[in-house]
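# A closer look at the structure
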Amino acid sequence: QVQLVESGGGLVQPGGSLRLSCAASGSIFSINVMGWYRQTPGKQRELVATITGGTHTSYAESVKGRFTISSDNVKNTVHLQMNSLKPEDTAVYYCVAMTVMTNHWGQGTQVTVSS
């Protein structure tokens, strides 16, 4: 099993920045990909960014150039640096650890972008 604990959400004004963190523990050797999803009420969960092998990254078109995903393999932590935030980025953000068998999810952290 993999356990994920997220932190760093909150309220920020449009144009501001936030940094989300996700600490992984447990069977971390089984993790192939880590990433972030987000979800707003009434909508499906949306993939935001992924990182593989600590170096290969991918992003949703809506966040390219504004968000950066990175990993600290020593601390088994993944970060999502979010810059130039927009009101439409408001959502609950979930960390995910993908293994061959299944996906493991964090509890979610609220990000609200509002003036």
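The following refers to the structure shown. Worth saying up front: this structure is predicted, and the values here are computed from it rather than measured. (Residues numbered from 1 in each chain as written. Predicted model: local features only at pLDDT ≥ 70, side-chain atom pairs only at ≥ 80, totals over all residues. Heavy atoms only, no water.)

## Some details on the environment of Val48
- With respect to the helices and strands, Val48 occurs in strand β5 (residues 46–52).
- With residues near it in sequence (within four places) discarded, Val48 still touches Trp36, Tyr37, Arg38, Ser58, Tyr59, Ala60, Val63, Phe67, Leu80 and Tyr93. (Helix = DSSP H or I, 4+ residues; strand = E, 2+ residues; numbered from the N terminus. Contact = heavy atoms within 4.5 Å.)

## Quick notes on the environment of Ala91
- Relative to the helices and strands, Ala91 is located in strand β9 (residues 91–98).
- Among the residues examined, Ala91 registers a relative accessible area of 4% and is labelled buried.
- Separated by 21 residues in sequence, Ala91 and Thr112 have C-alpha atoms that sit 6.6 Å apart.
- Non-local contacts of Ala91, meaning those with residues more than four positions away in its chain, are made with Arg38, Gln39, Thr40, Thr109, Gln110 and Val111. (Buried < 20%, exposed > 50% of the residue type's maximum accessible area, 1.4 Å probe, protein only.)

## Things to note about the nonpolar core
- Core analysis: the largest hydrophobic core is formed by 27 residues, its most contacted members being Met34, Trp36, Leu80, Met82 and Tyr93.
- Each residue touching Met82, except ones within four places of it in the same chain, is listed here: Gly16, Ser17, Leu18, Leu20, Arg66, Phe67, Tyr93 and Val111. (Core = buried A, V, L, I, M, F, W, Y, C linked by side-chain atoms within 4.5 Å.)

## Regarding the sheet that holds strand β8 (residues 77–82)
- In space, the 4 strands of this open sheet follow the order β1-β3-β8-β7, with antiparallel pairing throughout. This sheet does not close on itself; its edge strands, each paired only once, are β1 (2–7) and β7 (67–72). Along the sheet, successive strands turn relative to each other by an average axial angle of 20 degrees, direction set aside.
- In this structure, β7 lies alongside β8, joined through 6 bridges in antiparallel fashion. When the sheet's bridge partners are listed, Thr68 is paired in β8 with Gln81. (Pairing = 2+ DSSP bridges. Axes fitted to C-alpha atoms, helices over the stretch in contact; angles between N-to-C directions.)

## Description of the state of the cysteines
- For the structure on display, the rule yields 1 disulfide.
- Two residues, Cys22 and Cys95, share a disulfide whose sulfurs are 2.0 Å apart. Judged by the sign of its S-S torsion, about -80 degrees, the cystine formed by Cys22 and Cys95 is left-handed. Linking Cys22 in strand β3 (residues 18–26) with Cys95 in strand β9, this pair joins segments that are 73 residues apart in sequence.
- With relative accessibility at 0%, the residue Cys22 sits in the buried group.
- On the basis of relative accessibility, which here comes to 0%, the residue Cys95 falls in the buried class. (Disulfide = S-S within 2.5 Å.)

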